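# Architecture and fold: a report
What follows is the residue order along each chain.
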Amino acid sequence: DNGFYGRDILSVSQFDRAKLDYIFGVGEEMRMLVERFGSADLLQGKILANLFYEPSTRTSSSFMAAMLRLGGQVIPINNVQYSSVTKGESLPDTVRTLESYSDVIVIRHPEVGSAATAAHYASKPVINAGDGVGEHPTQALLDLFTVQEALGAIDGLKIAMVGDLKFGRTVHSLTKLLVNYGVEFVFVSPDILRMPKDVIDVVNSSGHSYVETEDVHDCIGDADVLYITRVQKERFTDLAEYEAVKDQYVVDPALMSKAKQRMIVMHPLPRVNEISYAIDNDPRAAYFDQMRNGMYIR
């Protein structure tokens, strides 16, 4: 037993190195399966309920694609605001209704802890596809898988995370996974968007070193992974603050000319202005590989 059968996937804290190795091995098998055959019937007769309380293109469609390529079916519920939730139905009741039709529930919800609530009331497995500014475990898994696939190993790398480190749940989850490996961290952000204390505490207590800076030029020369995040307009209460920092970091050919030949640029997407389209054809650009890897991991 690999420890995953019938289990909920709610947080990155569920994974240690052995479990990560196992998942990445299966992810590799899924990639080969899709590249060779396109699909299989491993999950024929199984149904996934995709319950999305927040808009999502990538996460929702990659979970659907993963299920369909394995021969399963999907109940897509993408605009919950138009359904019985607007009639006041509680999350526990929605989840218990859906599990009577399906075998697994994927949930995205704006409130931190909502996936854990859903899992508490559901008897079928629940997968957290993002709970507010909390966790997004499958994104962190696909990010880490992308690093391993692109660079061959994770130990010994210097990881620079750039942009909105305060509200960017992807960097919170990824950092917590990366402490399972021998890596160095550089956190690059405006002062008002620094990495939260609880994430820094995880880094410190695991014995990892980190550097904080506001200037991406401090690390561009020796970073193995440049992980860029969007400054999220929707998380700001003061739009003047957003305007002041939104274009502080832009990855363009001038910046990339200072980077190593063997490194990767990652981004959870969607992007606004943080990465110039001129970088898309750079062999170091890994963000579309990330998207494809998301399907294999999910």
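Everything numeric in this text was worked out from a predicted model, so none of it was measured.

All right, on to the packing of aromatic side chains then. Within the structure shown, the criterion is met by six aromatic pairs. Measuring from centroid to centroid gives 5.9 Å for F187 and Y210, while their planes differ by 40 degrees, and the two rings are tilted. With a gap of 23 residues between them, F187 in strand β6 (residues 184–188) and Y210 in strand β7 (residues 210–213) connect regions that are remote in the sequence. The buried category is assigned to F187, whose relative accessible area is 1%. For Y210, a relative accessible area of 27% puts it in the partly exposed group. One aromatic cluster is present, built from ring pairs that chain together F4, F15 and Y22. Its guanidinium or amino end placed over the ring of Y277, R271 lies 3.9 Å from that ring's centre, counting from NZ or CZ.

Attention shifts here to the pattern of salt bridges. Counted according to the given criterion, the structure contains 14 salt bridges. For E35, the salt bridge goes to R31, with nearest N and O atoms at 3.4 Å. Taken together, the positions of E35 and R31, both in helix α1 (residues 17–37) and four residues apart, correspond to about one turn of that helix. The residue D224 makes a salt bridge to K260 at a minimum N-O spacing of 2.7 Å. Of this pair, D224 sits in the loop between β7 and β8 (225–228) while K260 sits in the loop between α9 (253–256) and β9 (264–266); the two residues are 36 residues apart in sequence, bridging distant segments of the chain.

Here the focus is the pairing of strand β4 (residues 126–131). Each regular strand displays side chains that alternate between the two surfaces of the sheet. For β4, the tally of buried residues reaches six of six residues, placing the bulk of the element in the interior. Pairing between strand β3 (residues 104–109) and β4: four bridges, direction parallel. Bridge pairing in β4 links I107 to N128. Crossover connection from β3 via helix α4 (residues 114–121) to parallel β4: handedness right-handed.

The rules behind each value
- Residues numbered from 1 in each chain as written.
- Predicted model: local features only at pLDDT ≥ 70, side-chain atom pairs only at ≥ 80, totals over all residues.
- Heavy atoms only, no water.
- Phe/Tyr/Trp six-rings, centres within 6.5 Å; stacked < 30°, edge-to-face > 60°.
- Helix = DSSP H or I, 4+ residues; strand = E, 2+ residues; numbered from the N terminus.
- Buried < 20%, exposed > 50% of the residue type's maximum accessible area, 1.4 Å probe, protein only.
- Lys NZ or Arg CZ within 6 Å of the ring centre and 35° of its normal.
- Salt bridge = Lys/Arg side-chain N within 4 Å of Asp/Glu carboxyl O.
- Pairing = 2+ DSSP bridges.
- Right-handed = clockwise from strand over helix to strand, strands pointing away.

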